[in-house]
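As a plain string of letters, each chain reads:
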Amino acid sequence: MARSSLFQVLRPLSPRAKLVIGILSFVLPVGLWSLVSYVPAIWHPQVMITDPGSVSYLDVGAHLARDAFDSEVADASHEGRAPPRGVPANPIYLPSPGEVLKAFYTSFTTPPETKDGQWLAQSLWHSIQIIFWGYVISSLIGVPLGVLCGAYTALARVNEPFIEFFRYLPAPAFGALMVAILGIYDGPKIAIIVIGTFFQQVLIIANTTRKLDPALLEAALTLGTRSRQLLTRVVVPAILPDLYRDQRILLGWAWTYLIVAELIGTTSGITWFITQQARFQHFPNVYAAIAMIGILGLGTDMLLALLGRRLFPWDRSLAKFA
Amino acid sequence: MNDIVIPGGVIPDGLLPSYREQSAAVRARFDSLKAREVILTVSKLHKTFESEGKTTLALKDINFSTHRREFLCVVGPSGCGKSTLVRILAGLEEHSSGDVLLQGQPVSGPGRDRGMVFQGYTLFPWLTVKKNVMFGLEVNGHGKLECEREAMQWLQLVGLEKFADVYPHQLSGGMKQRVAIVRALANQPRILLMDEPFGALDAQTRARMQAHLLEIWRKIDITIVFITHDLDEAIFLADRILVLSAHPGEIQELIEVPVPRPRSVAQIVSAPFLATKARLEELIYAGAHDSAEEEDYPIMGRMTHVTDNVE
């Protein structure tokens, strides 16, 4: 494919180019990570000790900054002692892709380290429930309110100035308040996700509703539609595909509030797992858990996109880019 | 007045019959048309717009009436308010003063007794062709089975039954407008308002749609008010043509088209057709001379070599 045809504004790609470029979007960052991890000449600012030699404070497997290691080697050889030996290594917080991949498997099969601890799957399931309820509660009020605000200007004027103000308040700022009101368990966590999602939701969905082609409303009116039928007969079905897309974006939004929400009150869910693993310096597990969130998010979104194409076969707006 | 240029040559001015001259058959048709009851009456209609504190008179003292099964076209230069007029008739816009009476009853707001076909495509994209046609019946409280049966009958009538389960985006522009016409007709309105419905179609499709519309109009008890800026289209379709002038929009003349029915494409070079067209051009373009539009096209300086000519 010629370069000129790849860089044209809004030009759809051929199916093959779409596949290749899509795969590259994951291959490129992972490739970069592999280079940094597996090629000793790139970065590797530390040395992992394989033989402490005569240096009493070193253990096998310990990480040491390269210049500190070099000076230990120099000292030892100067004094005729056995020099320590080691291999170039990256800091412990950057495990290699292979280690993370292994941790991906083992973190699911490893029992919790403490008696009251949770398996990774349990933590994840708990997080999914928090997201689910936060998102559902927000949507139950936010979607109808957004549609109504979009449809009726008076209602928009009553709600939107306040909502505009409120959406600038960072949701985590309400953490302490929510704990005081809702206790320390799941209540405040769900509340933070609701606060983080709801206000954006109303505004986004109201905007989507306003983008409805007024000619469709006029056509419906000339067919004898009464104005209270307009909402259910025309407005809602007409915006449904766009509303569905908004809801997908907002679900992603809800996920971004998850970690903050789970730190509130008693730390729980995937956040608890991540902080625990980080405390024990099991960084491959940390990466595995973070990646798991990404996979879950992307997975749900892809499923929902697929479902959307089934639900709205008439929707052409994004068909050529999908 | 100018000479008329036709494909076969030139008809010198004066040899063309007057557009007021009607053959006996045409006169008889108009007599029977006017004997039918009046469907729509517009009297002393005014429309003003308020914008930035300024009041603009869009329509001034519009008076006309249409009889049952009449085909009325409204033409005029851009800005004459013909779209505003049809939107007022549909009830989509309010008039400032005057009366719009449908069978003697004043019109307020849109209603199923006045169907409308728009220039843009306004089929509901989430409904199949059949469900689009059912829409009007359903919102007016008919049972689902009845709506379905009637919709299918209408689709069969205009030969669209094959496309009953197809979504609008799968149809061509002409097909979309055919469905839009059927959707409006399924409600059995007294009057069908059409706001440049074929304006977005290519010339070939447009010609076929005009013939198709006349065929529908012949077979159904419907009165049509058809807005267009295409003079040939107006003459080809109309019984009478309402000519509006711009700024403010007011009636210049209500022309009785002397072209006999049934209409065919061949009539486009017939004397009554050309006479009517000459009159329309005179009315519409004569008024346009003093408008600002004329000054907007300057004579350009040459940007090519002096020997490099295209004509």
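Residues numbered from 1 in each chain as written. Chains lettered and ligands numbered in written order. Predicted model: local features only at pLDDT ≥ 70, side-chain atom pairs only at ≥ 80, totals over all residues.

Caption draft 1: Local environment of the overall build of chain B. Within chain B, the secondary structure is distributed over eight helices and twelve strands. Here the C-alpha radius of gyration of chain B, 21 Å, is about what a compact globule of 311 residues would show, namely 19 Å. Burial statistics for chain B: of 311 residues in total, 40% are counted as buried. In chain B, of all internal contacts separated by at least 6 residues, the share reaching a separation of at least 24 is 70%. (Helix = DSSP H or I, 4+ residues; strand = E, 2+ residues; numbered from the N terminus. Rg over C-alpha atoms; globule rule 2.2 N^0.38 Å. Buried ≥ 20, exposed ≤ 12 C-beta atoms within 10 Å, placed from the backbone. Contact = placed C-beta atoms within 7 Å.)

Caption draft 2: Structural context of the sheet that holds strand β9 (residues 191–195) of chain B. Residue and element names in this part refer to chain B. Here six strands make up an open sheet; going across it, the order is β8-β9-β10-β5-β11-β12 and the pairing mixed. Sheet topology places β8 (114–117) and β12 (250–256) at the edges, where each strand pairs with a single neighbour. Strand-to-strand, the axes of this sheet are offset by a mean angle of 20 degrees, without reference to chain direction. Inspection of the sheet shows β8 paired to β9 by four bridges, in the parallel sense. Along β9, the bridge assignment pairs M116 with L193. Those strands touched by helix α5 (residues 173–186) are β8 and β9, and its axis lies near 170 degrees from that of β8. (Pairing = 2+ DSSP bridges. Axes fitted to C-alpha atoms, helices over the stretch in contact; angles between N-to-C directions.)

Caption draft 3: A look at the interface of chain A and chain B. Contact with chain A, which involves 16 residues of that partner, is made by 21 residues of chain B. Elements supplying a minimum of two residues to the side of chain A that touches chain B: α9 (214–222) and α10 (227–256) of chain A. Ranked by the residues each element gives to the side of chain A that touches chain B, the list is headed by α9(A), at six residues. Grouping the constituent residues of the side of chain A that touches chain B by class yields nine nonpolar, four polar and three charged. (Nonpolar A, V, L, I, M, F, W, Y, C, P; charged D, E, K, R; others polar.)

Caption draft 4: Quick peek at the nonpolar core. By size, the foremost hydrophobic cluster in this structure holds 119 residues, and its most contacted members are A:I193 and B:I241. Excluding residues within four positions of it along the chain, B:I241 makes contact with B:C73, B:V75, B:A234, B:I255, B:V257 and B:L280. (Core = buried A, V, L, I, M, F, W, Y, C linked by C-beta atoms within 7 Å.)

Caption draft 5: Representation of helix α6 (residues 153–166) of chain A. Between its terminal C-alpha atoms α6(A) stretches 19 Å, which fits the 20 Å expected from 14 residues at 1.5 Å a residue. The largest bend in α6(A) is about 35 degrees, located at A:N159, with the proline A:P161 one to four residues further on. (Expected span 1.5 Å × (residues − 1). Bend = angle between axes of the 7 residues up to and from the residue.)

Caption draft 6: Quick look at the sheet that holds strand β3 (residues 85–89) of chain A. Residues and elements named next belong to chain A. Taken in spatial order, the three strands of this open sheet run β2-β1-β3, and their pairing is antiparallel. Lying at the two open borders of the sheet, with one neighbouring strand each, are β2 (63–65) and β3. Direction aside, the axes of adjacent strands within the sheet are offset by 40 degrees on average. For strand β1 (residues 46–51) and β3, the ladder comprises five bridges, and the chain directions are antiparallel. Among the inter-strand pairings, M48 is bridged to a residue of β3, identified as V87.

Caption draft 7: Representation of the pairing of β1(A) within the structure. For β1(A) and β2(A), the ladder comprises three bridges, and the chain directions are antiparallel. Its bridge partner being in β2(A), A:Q46 is matched across the sheet by A:A65.

Caption draft 8: The pairing of strand β10 (residues 223–227) of chain B, seen in detail. All names here are of chain B. Burial analysis of β10 places five of its five residues in the buried class, which makes it a mostly covered element. Side chains T223, V225 and I227 project from β10 onto one buried face, and the interleaved I224 and F226 project onto a second face that is buried too. Relative to β10, strand β5 (residues 71–75) runs parallel, the two being bridged by four bridges. Its bridge partner being in β10, L72 is matched across the sheet by V225. Two elements, β9 and β10, share five bridges in a ladder whose sense is parallel. If you follow M194 over to β10, its bridge partner there is F226. In this fold, β9 hands off to helix α6 (residues 203–219), which returns the chain to β10; that crossover is right-handed. (Right-handed = clockwise from strand over helix to strand, strands pointing away.)

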